[in-house]
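# An overview of the molecular structure
These are the residues of each chain, in order.
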Amino acid sequence: LMFSTFKRSFTFGEGCIVLQSIVLFVAHAITSLYYLNDDTTTIVGSFTVIAKAALLSLAFIFVVPAIPGFRWTNYPAFFYASGLTVFASITLPLLCWMLRRNPLLWLTSYIVFSTRALMLMFTWIYLVISALAIVVRKFNTSAKATTSERKFFHGLVSVVITSGIALDVEFTYLASLLVLGIFLLLEYIRVCSIKPISTVLDEAFVRFIDEKDQGTLILTNIYLLVGTFLPLWLACDLASTNKLILLSGVLSVGIGDSAASIIGSRYG
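Residues numbered from 1 in each chain as written. Predicted model: local features only at pLDDT ≥ 70, side-chain atom pairs only at ≥ 80, totals over all residues. Heavy atoms only, no water.

### A few points about the overall build of the protein
Counting secondary structure elements, the protein contains 12 helices and 0 strands. For the protein, the N- to C-terminal ordering of α and β elements is α-α-α-α-α-α-α-α-α-α-α-α. Taking the principal axes of its C-alpha atoms as reference, the protein extends roughly 55 × 50 × 35 Å. Within the protein, buried positions represent 41% of all 268 residues. At a minimum sequence separation of 6, the contacts of the protein that also span at least 24 residues come to 70%. Total accessible area on the protein is roughly 15100 Å²; 73% of this is exposed by carbon and sulfur atoms. Taking the average place of the 18 positive charges on the side chains of the protein and the average place of its 14 negative ones, the gap between the two points comes to 5 Å. (Helix = DSSP H or I, 4+ residues; strand = E, 2+ residues; numbered from the N terminus. Buried < 20%, exposed > 50% of the residue type's maximum accessible area, 1.4 Å probe, protein only. Contact = heavy atoms within 4.5 Å. Areas by Shrake-Rupley, 256 points an atom, 1.4 Å probe, with all protein chains shown as cover. Lys, Arg positive; Asp, Glu negative; His and termini not counted. Charge placed at Lys NZ, Arg CZ, Asp CG, Glu CD.)

Dropping the structure here:
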């Protein structure tokens, strides 16, 4: 079903890995939240619960339109309203009950009263502005992005995770999972043509895609995020895990893949 729905988006092996990863995460997240396996008295335990609940809520929003007779839920006005309703009436109360505190207020206080978290937020905001500046500049031209321009985003992500591991690895762990949810949501909006956001995304993506993104889905940005941050998500103990292991995604994807692509495209 996945291969027929999203034509030319996956090779067979790639599709199997993606599908198995989704099934594994959903099953694990549901069971761990149901049995409250994560220690919410710790920071990383609370972050894990927040991330799992947010991603499961997105999964629910994505699945509902696939139910026969519910396709209308993708109409723009209803989609945005129902999304906010799910998070406000289901996700937020559930998190308040599991964490024994309001997650939004707790996260805000964590950032405000943590010098390192504030430094990370300002650094990441600057990097996001830099990335958006490149996209806006491309909007004014009809030329497609070069390999070097596309790989610039690899460099930005490498700076994000390197600074995060150096300053606050636990907050970086949560932020990366939430950004994964945002990337998935934006791709869903683009594929389902939920305006007006889908129009902007299509215009931006058309200048940056290459031969690997000719299918229904555009997954390069999601794969980059997953490949870079996967070591953080799989680490048993972020505080004690060797930093080189946490940076293995940067070494392989952020640096290795970028170098191979740039050198390969120029020199063969």
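### Section: a nonpolar patch on the surface
A cluster of nonpolar side chains, namely Val63, Ile67, Phe70, Trp72, Tyr75 and Phe78, defines an oily patch on the protein surface of about 590 Å² accessible area. Relative to the helices and strands, Val63 resides in helix α3 (residues 43–63). (Patch = residues over 30% accessible without salt bridge, like charges linked within 9 Å, V, L, I, M, F, W, Y side chains within 5 Å. Salt bridge = Lys/Arg side-chain N within 4 Å of Asp/Glu carboxyl O.)

### So, the packing of helix α6 (residues 115–139) against helix α8 (residues 169–191)
Packing of α6 against α8 brings their axes to within 10 Å, and their N-to-C directions diverge by 40 degrees. With respect to α8, the axis of α6 lies oblique. As α6 runs across α8, the sense of the crossing is right-handed. Contact residues: Ala117, Leu120, Met121 and Trp124 in α6; Phe171, Thr172 and Ala175 in α8. Taken together, the residues that form the contact of α6 with α8 break down as 6 nonpolar, 1 polar and no charged. (Axes fitted to C-alpha atoms, helices over the stretch in contact; angles between N-to-C directions. Parallel < 35°, antiparallel > 145°, perpendicular 65-115°, else oblique. Left-handed = near helix turned anticlockwise from the far one by under 90°. Nonpolar A, V, L, I, M, F, W, Y, C, P; charged D, E, K, R; others polar.)

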